[in-house]
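Single-letter residue listing:
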Amino acid sequence: MTIIDSRITDLQVYPLAFSDPPLLNAAGVHEPLALRTLVRLQAGDVVAWGEGRGDALPADVVPALCEAVLGLDVFATSRIEAAVDTVLRRLRPDLGAQARLVTFAPIEVAALDAQGKLLERPVSELLGGALRDRVDYSAYLFFKWAGHLDGEPDEWGEAMDPDGIVAQAKLLVDRYGFRSFKLKAGALHPDIEVESLRALAEAFPGMPLRIDPNGAWTHQTALEVAHRTDGLLEYLEDPVLGIDGMSRIHAETGVPLATNMCVVETAHLRPAVRADAVQVLLSDHHYWGGLRRTKELAAICEAMDIGVSMHSNSHLGISLAAMTHVAAAIPNLSHACDTHFPWNRADDVVTEGGIEIVDGAVTVPTGPGLGVEVNLDRVAELHERYVESGHRTRDDGGYMRRWDPTFTDARPRY
Ligand SMILES: O=C([O-])[C@@H](O)[C@@H](O)[C@H](O)[C@@H](O)C(=O)[O-]
Ligand SMILES: [Mg+2]
């Protein structure tokens, strides 16, 4: 029997900054640079990668985290999680349970990538096996400016009205073959947002549609939107804030509701299900503590008879690969997943052609681990941008206030 050396011998953290278009949402508008964190882990003779939120691994805890995981077996993810948890509780007692899961998530992804590489198996097989060869993603449409403040117009063009949204949808369908749309709302007056949905329904008959104002609407506005989009939507996402508010909207309209806002940790599940506030849970391994926990979450959803799909934030190809592996292994995945990938693909750290959206879906990688190669020059370049830019936190509202000093992201707003 061959004994594999699977101890962690090195952990490096690379905060990255990469280009992001001026996409509007209820919080404001995306800044020119988005942030992510890469984790590079070495175990035995393999190098593995994980990607997390920009704030996933706070700089002040990185040295202690690295030290705490050195020598641990990369297959013992519970022990790795316990080590991460101990460091965070000691050095950052201000961080809650969810923030600790956010830190662990990219480390877990890197550990699974390493396990897969050591065993020469794809990550989907470590999660129970892919139940589908391809995972569907939805085109994520945004109202957007033509270009950044002080910048040139970008390749996507302006989208501040229904015509602009339909043009953007056509571009995304031409390039990636998407077969469903999500419209980010809560950015403009609801009349424009509803008209944009209607225009999409007319331009793409029969394509599934969803809309997400991130809780920017009042109860009354949400009821009106539900009424005006009757029969158009596969679900309405976070029309209002909070479990009680969502429950009332569902009770009064019967429209299926999805969330990535009112159920963000396990403790929220029971009250949400009791109140029948959520019919589709948008999982996200970056928040819920990794790929294994995301599978467990899906099993809980199945038991509670609610659908499962996936939320996204601005991300790169390592996350797209990780999302695809876990989505492929979730039996009860009920809807196409969200992805921001097209908006950020030009700066991707995965080697050219390594992971692609084709016909609205990503083929589940079959190579060892995550099944993607990382472009080290690009990682170095984006890390350099992070260092030089001094950009450290996402501030959509502050950026919007540079354009409109009276802007507020108070919710509900419309
Ligand atoms: O990227 C954005 O503007 C989105 O609004 C993002 O921040 C949300 O977290 C997300 O995509 C959502 O579904 O709520
Ligand atoms: Mg959402």
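Being a predicted model, the structure only gives us computed values, none of them experimental.

A.B. asks: Summarise the pattern of salt bridges; cite the residues concerned and give the values.
C.D. replies: In total, this model carries 29 salt bridges according to the counting rule given. Close ionic contact of D10 with R40 constitutes a salt bridge, the shortest N to O distance being 3.6 Å. Highlighted residues: D10 in strand β1 (residues 8-19) and R40 in strand β4 (residues 33-43), separated in sequence by 30 residues. We classify D10 as partly exposed; its relative accessible area is 22%. With a shortest N-O distance of 2.7 Å, K184 and D212 are connected by a salt bridge. A residue pair is termed long-range when its members are at least 10 positions apart, and K184 in strand β7 (residues 181-184) and D212 in strand β8 (residues 209-212) qualify at 28 residues. The residues K184 and D212 share a single accessibility class, namely buried. Ionic contacts of the salt-bridge type, sharing partners, join the residues K182, K184, R210, D212, E234, E237 and D338 into one network.

A.B. asks: Give a detailed account of the side chain of T229, specifying residues and quantitative values.
C.D. replies: Along the chain, T229 turns up in the loop between α7 (219-228) and β9 (233-237). Residue T229 is classed as buried on the basis of its relative accessible area of 2%. Other than its neighbours up to four places away in sequence, T229 contacts V194 and L197.

A.B. asks: Before we move on, can you summarise the coordination of the magnesium ion (ligand 2) with the specific residues and values?
C.D. replies: Listed as protein donors to the magnesium ion (ligand 2) are D212 (OD), E237 (OE) and N260 (OD1); their distances from the metal cover 2.0 to 2.2 Å. Counting residues between consecutive donors of the magnesium ion (ligand 2) along the chain gives the motif D-x24-E-x22-N. Of this pair, E237 sits in strand β9 while N260 is found in the loop between β10 (257-259) and α9 (269-274), placing the two residues 23 residues apart along the sequence. Across the pair, exposure class does not vary: E237 and N260 are buried alike.

A.B. asks: Describe the site of ligand 1, listing the residues and the values that go with them.
C.D. replies: The environment of ligand 1 is formed by 15 residues, the closest being N25, H30, Y140, N214 and H340. A distance of 3.1 Å separates an oxygen atom of ligand 1 from a polar side-chain atom of R394. Here ligand 1, which alone exposes 340 Å², has 92% of that area covered by the protein. Going through the elements one at a time, β6 (134-142) and β7 are the ones with two or more residues in the shell around ligand 1.

A.B. asks: Residues and numbers for the pairing of strand β12 (residues 307-310), please.
C.D. replies: The side chains of a regular strand alternate between both faces of the sheet. Burial of the side chains of β12 extends over both faces: G307 and S309 are buried on one face and V308 and M310 on the other. With four bridges connecting them, strand β11 (residues 280-283) and β12 associate as parallel partners. By the bridge assignment, V280 is partnered in β12 with G307.

A.B. asks: Quick one: what's the story with the pairing of β6, residue by residue and with numbers?
C.D. replies: Burial analysis of β6 places seven of its nine residues in the buried class, which makes it a mostly covered element. Two elements, β6 and strand β14 (residues 361-363), share three bridges in a ladder whose sense is antiparallel. Note that in β14 the partner of D136 across the bridge is A361. Bridging between β6 and strand β13 (residues 337-338) involves two bridges; their strand directions are parallel. Its bridge partner lying in β13, Y137 is registered against C337. Note: β6 against β7, four bridges, orientation parallel. Paired with L141 across the two strands is L183, which belongs to β7. For the handedness criterion, the β-α-β arrangement of β6, helix α5 (residues 162-176) and β7 is classed as right-handed.

A.B. asks: I'd like a rundown of the layout of surface pockets, residues and numbers included.
C.D. replies: In this approach the atoms are scanned with a rolling probe the size of a water molecule, which exposes any empty space left behind. For the largest pocket, the calculated volume is near 1,100 Å³. Surrounding the largest pocket, 49 residues form its lining, R53, D55, Y287, N313 and R394 being those nearest its centre. Every element with two or more residues in the lining of the largest pocket is listed here: β1, β4, β6, β7, α10 (285-288) and α15 (396-403). Considering every element that reaches the lining of the largest pocket, the biggest residue donor is β4, with five residues. There are two domains that each give the lining of the largest pocket at least three residues, and those are domain 1 (8-124 + 377-387) and domain 2 (128-374). Volume-wise, the second largest pocket comes out at about 260 Å³. What lines the second largest pocket is a set of 19 residues, among which P21, E155, W156, W343 and A346 lie closest to the centre. Counting residues per element, the lining of the second largest pocket draws most heavily on helix α13 (residues 341-344), which supplies three residues. For the lining of the second largest pocket, a count of residues per class yields eight nonpolar, four polar and seven charged. Shared between two domains, the lining of the second largest pocket holds at least three residues of each, these being domain 1 (8-124 + 377-387) and domain 2 (128-374).

Cut-offs used in this document
- All chains use their own residue numbering, which begins from 1 and follows the written sequence.
- As they are written, the chains are lettered A onward and the ligands numbered 1 onward, keeping that order.
- Where local features are concerned, this predicted model is filtered to residues with pLDDT of at least 70; where side-chain atom pairs are given and counted, the filter is 80 or more; whole-chain, interface and lining totals use all residues.
- To obtain the side-chain values, all non-hydrogen atoms of the structure were used and water was disregarded.
- Take a side-chain nitrogen of Lys or Arg and a carboxyl oxygen of Asp or Glu: if they are within 4 Å of each other, that pair is a salt bridge.
- Secondary structure elements follow DSSP: runs of H or I of four or more residues count as helices, runs of E of two or more count as strands, with numbering from the N terminus.
- To sort residues, take the accessible area from a 1.4 Å probe on protein chains only and compare it with the maximum for the residue type: under 20% means buried, over 50% means exposed, and anything in between is partly exposed.
- The criterion used for residue contact is that any of the two residues' heavy atoms lie within 4.5 Å.
- In this listing, donors mean N, O and S atoms no farther than 2.8 Å from the metal, or 3.2 Å for Na, K and Ca; water is missing from the atoms, so a site can look incomplete.
- Nearness of a residue to a molecule or strand requires only that one of the residue's heavy atoms be within 4 Å of it.
- We define a polar contact as two N or O atoms separated by no more than 3.5 Å, with the added condition that, inside protein, one atom must be a possible hydrogen donor and the other a possible acceptor, whereas residues neighbouring each other in sequence contribute only through side-chain atom pairs.
- In short, Shrake-Rupley with a 1.4 Å probe defines the accessible areas, and a residue's cover is counted only from the protein chains shown.
- Strand pairing is assigned whenever DSSP detects at least two bridges linking the two strands.
- By convention, a crossover is right-handed whenever its connection, traced from the first strand over the helix to the second and viewed with the strands pointing away, goes clockwise.
- For cavity detection a 1 Å grid was placed over the protein atoms alone, and a set of points counts as a cavity when a 1.4 Å probe fits there but cannot get out; an open set counts as a pocket when protein lies on both sides within 12 Å along at least five of seven lines, with lining residues being those that have an atom within 4 Å of a point.
- Grid points are joined across faces, edges and corners, and a volume is the space filled by probe spheres set on the points.
- How far each domain reaches was decided by an automatic or database domain assignment.
- As a working rule, the residues Ala, Val, Leu, Ile, Met, Phe, Trp, Tyr, Cys and Pro are called nonpolar, Asp, Glu, Lys and Arg charged, and the rest polar, with Gly in that last group.

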